[in-house]
Amino acid sequence: MSQDDGYERLRERHTSQMWAESREHIARTRWPAERIRAERDNGLRGILRAAIDGSPWFRNRFSGISPENFRFEDLSSLPVMTKTDLIENFDEIVTDRRVTTDVVDRHLAKLDHDDAYLFDAYHATVSGGTSGVRAPFVFDWDSWKTYHLAAFRYIYRLRQEATGSYTQPALTVTLTTPHAAHITASLRQTFEQHDRSVGLNVHDPLAENIARLNEIQPQALVTYPSVLQPLAQAARAGELRISPTAIIAVTEPLVPDLRATVQGTYPDSRLFNWYAASEGGFIAVGCGAVPGMHISEDLVIVEPVTADGAPVAPGVRSDKIYVTNLANRLMPIIRYELDDQVTLLPDAGPCPCGSYHQRVADVDGRHRETFRYPGDIAVHQLRLYSPLILDPAVAEFQIHQTPSGIAVKLRGRNPDLLEITRKLEAELIDSGLPRPVVTVEAVERIDRLAVSGKLRRFIPLPS
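What you are looking at is a predicted structure, and each value in this text was computed from that prediction instead of being measured. (Residues numbered from 1 in each chain as written. Predicted model: local features only at pLDDT ≥ 70, side-chain atom pairs only at ≥ 80, totals over all residues. Heavy atoms only, no water.)

> Honestly, the overall build of the chain in this entry has me stumped. Any pointers?
The number of helices and strands found in the chain is 13 helices and 19 strands. Relative to the 2.2 N^0.38 estimate, which gives 23 Å for 463 residues, the radius of gyration of the chain is 22 Å and therefore close to what a compact globule would have. For the C-alpha atoms alone, the extent of the chain along its principal axes is close to 60 × 55 × 50 Å. The buried share of the chain, taken over its 463 residues, is 58%. Within the chain, counting contacts between residues at least 6 apart in sequence, those at least 24 apart form 67% of the total. (Helix = DSSP H or I, 4+ residues; strand = E, 2+ residues; numbered from the N terminus. Rg over C-alpha atoms; globule rule 2.2 N^0.38 Å. Buried < 20%, exposed > 50% of the residue type's maximum accessible area, 1.4 Å probe, protein only. Contact = heavy atoms within 4.5 Å.)

Below is the structure:
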């Protein structure tokens, strides 16, 4: 049996099990709040048991902790886990002693555009995100299919309600990175139905991808928000001629101005926003009925906190969050610090879609994407985002912080560089930065991160 045959055999078994569990996960989107909380506490006890039993690092860290009666309310008694903890103690954190940093790195080095299993059971990915600090992540068999279902269960439910069947997915184009070391690419390859799924490479020229989209005519489109901006521009210019029923934004912030642009361009499409991180899987998923996203509370715990770690009330944007992954027993992630800024929405009963899962506003950035200048001056990315995202001549942009202002690279259709400079200067002055220096340069191309395909829009000065 060839290596390809072995992969396909495992993939088909994995996919079959995923579909067998899909009906339950669709039902979970309508679970009452009490059942969600019970599942959350049961999952928390399970991940604590797995961590203490299988991980030397957690066994030492949680000495004296008894998982048996542990509840969500007890979570704050546990120490916070950082990315440095993960990188420096990886071999002692994972619960399978065969899985070491060297083994995972050798496996990742073999990956390019083709997905592969590790030890015929696991998936390995790498995350640098927008931080640039590389960290490997490994997922066990069960959590890998669970993450897929967490992402798609609201979409499957809508398709089931509309057509009576969800196991024949819509013709979907995924326009992201093709690199199998990134979770979006490898998840797609594992669970795709080959005749209903097409992957396009975000690193290819935009004109080529527009031509392919016009040829394929997808019913659903999955891509980054930074790609939705130039695609919407091309659609308004008559170059992109597709009519998807679903548009899914992944891995980058979907800010209000861009959401409005996409919905205005495709008023007959449902826009879904997915908030994912390797540490927690699909942490929150949009239902398509209203803005914002539902936390996957049966699979992950999110604690929004201040910079000092104090809990943040609903309606207040956090400085960071602590994430506890309830699904992945191979690589326990418990109170892991992410500097994503999240706003819990006040509990107003069930969502119009019928879900009782806690909602969060669309995630609009990360703490490190706030530019900080001497004199305790802070400029949040959204102050600089709006003048660019609302300009129909701008397709893509990247903003570098400088000691006295910003340097902007942008790609577009004859943008008015002087007017853009003036608007950005005004935003900086209004934020408290006196006499800002703003440079704006038109470029032919803005490079994306090699593996993830993400576009780093905001690059602060080194700390």
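> Just checking my understanding: could you explain helix α10 (residues 225-236) for this structure?
Between its terminal C-alpha atoms α10 stretches 17 Å, which fits the 16 Å expected from twelve residues at 1.5 Å a residue. With eleven of twelve residues buried, α10 lies mostly within the body of the structure. Of all the residues in α10, the buried ones are Pro225, Ser226, Val227, Leu228, Gln229, Pro230, Leu231, Ala232, Gln233, Ala234 and Ala235. The positive-phi residue at the C-terminal boundary of α10 is Gly238, with phi of around 85°. (Expected span 1.5 Å × (residues − 1).)

> What is the right way to read the sheet that holds strand β19 (residues 458-459) from this model?
Strand pairing in a sheet takes place through backbone hydrogen bonds and is either antiparallel or parallel in direction. Ordered in space as β18-β17-β16-β19, the four strands form an open sheet in which the pairing is mixed. The open sheet is flanked by β18 (437-442) and β19, the only strands paired with a single partner. In this sheet, β19 lies alongside strand β16 (residues 394-402) in parallel orientation, the contact comprising two bridges. Bridging from a neighbouring strand, Ile399 pairs with Phe458 of β19. Contacts from α10 reach β16 and β17 (405-412), with the element oriented near 140° to β16. (Pairing = 2+ DSSP bridges. Axes fitted to C-alpha atoms, helices over the stretch in contact; angles between N-to-C directions.)

> It is not clear to me how the pairing of strand β11 (residues 320-325) should be interpreted in this structure. Could you clarify?
Sheet faces and side chains relate simply in a regular strand, where the side chains alternate between the two faces. Most of β11 is tucked away, with six of its six residues classed as buried. Neither face of β11 is left uncovered, since the one carrying Lys320, Tyr322 and Thr324 and the one carrying Ile321, Val323 and Asn325 both have all their residues buried. Of the pairings in the sheet, the one linking strand β10 (residues 300-305) to β11 comprises six bridges and is antiparallel in character. Considered in β11, the bridge of Val302 is made with Val323. Pairing analysis gives three bridges linking β11 to strand β12 (residues 336-338), with the strands arranged antiparallel. The partner of Val323 across the bridge, within β12, is Tyr336.

> I'm lost on the packing of aromatic side chains in this one. Help?
Aromatic ring pairs are defined here through the distance separating the ring centres and the angle between the ring planes. Enumeration over the complete set of coordinates arrives at 14 aromatic pairs. On the basis of an interplanar angle of 45° and a centroid distance of 5.3 Å, the ring pair of Phe58 and Phe62 is categorised as tilted. Here the two residues Phe58 and Phe62 agree in accessibility, since each one is buried. Taken together, the ring pairs connect Trp19, Phe152, Tyr156, Tyr166, Trp274 and Phe282 into an aromatic cluster. Over the ring of Phe119 we find Arg98; its NZ or CZ atom is 4.2 Å from the centre of that ring. (Phe/Tyr/Trp six-rings, centres within 6.5 Å; stacked < 30°, edge-to-face > 60°. Lys NZ or Arg CZ within 6 Å of the ring centre and 35° of its normal.)

> Explain unusual backbone geometry here, please?
Most peptide bonds take the trans configuration, and most residues that are not glycine carry a negative phi. Of note, Asp120 is a non-glycine position whose phi angle comes to about 55°, a positive value. Tracing the backbone through its elements, the reader meets Asp120 in the loop between α6 (101-110) and β1 (123-127).

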